[in-house]
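Chain residues, written in single-letter form:
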Amino acid sequence: MSTLRALAKAQALAAGVAQPVATVRHLHLSPRPLVLVPLAMAGEANAPLAALVGTAPDDARLLIVPQPRNRDQRFAFAAELAGIVLPYLDSFRGVSEAVPVDRGRDVRYRYVDAPQLLVPNPAGVTFLRLFGRSTRFRRPDGDYPVHPAVPLLGRWLTFFAERAEHPGSSALVAMTEALTLHWATGQSAVEDLHLPAVLGWLDPPPGLDGARAAARAEDPSVCPPAGPATDPEFDNKVLAPAVAAYGDAADDEAARRLAYAELERALRGQLAPTWELMWRGVGLLAALPPGARVEGRWAGDRDAFTGYAEHVDAGGGPQPRRDGAVAAAARLHRLERAGTSYAVQRAYDDPLVMAEHRLAGEAFVGDVTLADPRRVDDTGKRPVLRPRIQVVTTEAVAVPVGTTLYSLTRPGQRAKVVFLTPAADGKTEVVLELSGGMGRGLTAPPGTVPEVGERLCLTTLSEAFLPAATFPDPAETPWTHGGPPAAPPPPPGTSTT
């Protein structure tokens, strides 16, 4: 936890209401997201019990599994869920746009929009990941066949679960993480995983402060858990008798319908409060203006959606159960690059996020007091434009001479620290030599060199492109990582001599 967030949490506790830690929204918010509130049976490994699904507050559809231990009913639930999710995904595949590549010499195509799934908390993401893994390898023929839509649903759920691991992605979003990314509550990080408690701090009812509203929200009789876990008291007193009554009515159709209706009523009562909280969270996020670089990250999600849709259309297979050594290393490298880029973009978009880096000594703010925009360096083979400016700051400058800094207003320009001189009143004079972002001539165009009196935020964080690493071919996997993949067995009847 950063110093700034710790301070914001302390202020939230003192004020009785959550405090903002962002000035802009750092994720894309679809005008038509698919909200999915899952519920799983306690004591069973990823046994779906119910789900409330829809794209609008008044468009909730309840799916239930009357006998969660019955595998046929589980896959019937999956087929019913696929009947909602897959048409939603297909609704974004109508219009494509051309994207220039190879410096404009070629184009590729991607969909102009992409789907977005919203779940209450990270446990909901885990539920979808496990549910995708349990369904993507099923077959519509052979032993234990399932509906043809079930394996396709599993592959798409796996795709969204993998995108959720990608820093900055908005394809699958846990509402608790989205809200606590922008506001700090006065409770612990573990308590922040409970959606009713988080919204108790963000939007407490009249007459209650955040702490009392959160404590009230943690009472299952007031607000049931936000899924996929259920309340033990509900399990024992309501769910178990309802499931047993449905099972006992197998030979009586009227009693069976009555038991089903009772079970449906009980499960809707558990899910409906979370459904309402999800849309309250959507409203709070929508009130924030999006960051300048959010659209670029959403374009990456659209690229991923387009690529996987084309893979499915071409008859490609499901995601493997386990990545090979090279594929796992490459995936980890992509996630690390994305994480670094996401941290930089958030800081460039949001002064409150940049403030955390200022406290860490990775950035400072100062005023330009001197500027020499015409300075030329002729010590090399040919003269080059190298203006110098002096910035005076009252903040601690923790970077050494020779460090390259970047300006938020001119991210393509590099500023090399030439001198650091302590001045009076705790100030520091920083002399910087500029390069880049000023054209190729020996005269800087107007506005490309900071002028005297301009206030700058300079940081070591760079938006420069991070080149990808090179990895060996899977056939050349070193022995330390399992060696090359095993050769497939010869066809039956083939001689091995």
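Our structure is the block above this text.
Heads up: these notes are all about the structure in this document. (Residues numbered from 1 in each chain as written. Predicted model: local features only at pLDDT ≥ 70, side-chain atom pairs only at ≥ 80, totals over all residues. Heavy atoms only, no water.)

1. Side note on the overall build of the protein
- Of the regular secondary structure elements, the protein holds twelve helices and 17 strands.
- Within the span of the protein, comprising 497 residues, buried residues form 45% of the whole.
- Expressed as a percentage of contacts within the protein between residues at least 6 apart in sequence, the contacts between residues at least 24 apart total 67%.
- Charge centroids of the protein, computed over 50 positive and 55 negative side chains, lie 5 Å from each other. (Helix = DSSP H or I, 4+ residues; strand = E, 2+ residues; numbered from the N terminus. Buried < 20%, exposed > 50% of the residue type's maximum accessible area, 1.4 Å probe, protein only. Contact = heavy atoms within 4.5 Å. Lys, Arg positive; Asp, Glu negative; His and termini not counted. Charge placed at Lys NZ, Arg CZ, Asp CG, Glu CD.)

2. Things to note about the sheet that holds strand β15 (residues 414-422)
- Ordered by their spatial adjacency, six strands build a closed barrel running β10-β13-β16-β15-β14-β17, and the pairing between neighbours is antiparallel. Neighbour to neighbour, the strand axes of the sheet diverge by 45° on average, direction disregarded.
- In this structure, strand β14 (residues 404-407) lies alongside strand β17 (residues 455-459), joined through two bridges in antiparallel fashion. By the bridge assignment, Y406 is partnered in β17 with T459.
- Along the sheet face, helix α12 (residues 351-359) touches β10 (363-372) and β17 and points at about 85° away from the line of β10. (Pairing = 2+ DSSP bridges. Axes fitted to C-alpha atoms, helices over the stretch in contact; angles between N-to-C directions.)

3. Some details on helix α4 (residues 149-164)
- Taking 1.5 Å as the rise per residue, α4 with 16 residues should run 22 Å; its terminal C-alpha atoms sit 23 Å apart, in good agreement.
- The element α4 is largely enclosed, with a buried count of 13 among its 16 residues. (Expected span 1.5 Å × (residues − 1).)

4. Quick notes on the side chain of T176
- Take T176: it is sitting in helix α5 (residues 175-182).
- For T176, the residues in contact, after removing those within four places along its chain, are P120, N121, P122, D192, L193, H194 and L195.

5. Let's talk about the packing of helix α2 (residues 71-90) against helix α3 (residues 122-135)
- Packing of α2 against α3 leaves a shortest axis separation of 12 Å and a crossing angle of 110°. Of the possible angle classes, the one that applies to α2 and α3 is roughly perpendicular. From α2, F75, F77, A78 and L81 reach across to α3, where they touch F131, S134 and T135.
- Of the residues in the contact of α2 with α3, the class split is five nonpolar, two polar and no charged. (Parallel < 35°, antiparallel > 145°, perpendicular 65-115°, else oblique. Nonpolar A, V, L, I, M, F, W, Y, C, P; charged D, E, K, R; others polar.)

6. Things to note about the nonpolar core
- Ranked by size, the top nonpolar core spans 43 residues in total, and within it L81, L128, F131, L153, W156 and F160 carry the most contacts.
- Broken down by secondary-structure element, the contributors of at least two residues to this core are β2 (34-40), β3 (48-54), α2, β7 (117-119), α3, α4, β8 (172-174) and α10 (294-313).
- In terms of residues, this core owes the most to one element, α2, which gives ten residues.
- With residues near it in sequence (within four places) discarded, L153 still touches A78, L81, A82, V85, L86 and F131.
- V35, A50, L239 and L263 belong to the second-largest nonpolar core, a separate cluster that totals 41 residues. (Core = buried A, V, L, I, M, F, W, Y, C linked by side-chain atoms within 4.5 Å.)

7. Side note on the pairing of strand β5 (residues 96-101)
- Sheet topology note: the β5/strand β6 (residues 106-111) ladder contains six bridges and is antiparallel. Pairing of A98 across the sheet is with Y109, part of β6.
- The antiparallel hairpin formed by β5 and β6 contains four residues in its connecting segment, where D102 sits at a positive phi of about 55°.

8. Points about the pairing of β10
- Inspection of the sheet shows β10 paired to β17 by five bridges, in the antiparallel sense. The residue bridging A363 from the neighbouring strand is T459, located in β17.
- Here β10 runs beside strand β13 (residues 388-393); their pairing, made up of five bridges, is antiparallel. By the bridge assignment, A371 is partnered in β13 with I389.

9. Some words on the pattern of salt bridges
- What the rule picks out here adds up to 26 salt bridges.
- Of the charged contacts, one joins R93 and D313 as a salt bridge, the two residues approaching to 2.1 Å between their closest N and O atoms. Here D313 lies in helix α10 and R93 lies in the loop between α2 and β5, a separation of 220 residues in the sequence.
- Its relative accessible area of 23% is what places R93 among the partly exposed residues.
- A relative accessible area of 51% means that D313 is categorised as exposed.
- Salt-bridge contacts for R358 lead to E395; the nearest nitrogen and oxygen are separated by 2.2 Å. Placement of R358 in helix α12 and of E395 in the loop between β13 and β14 is noted, with a sequence separation of 37 residues between them.
- On the basis of relative accessible area, R358 is assigned to the partly exposed category, the value being 31%. (Salt bridge = Lys/Arg side-chain N within 4 Å of Asp/Glu carboxyl O.)

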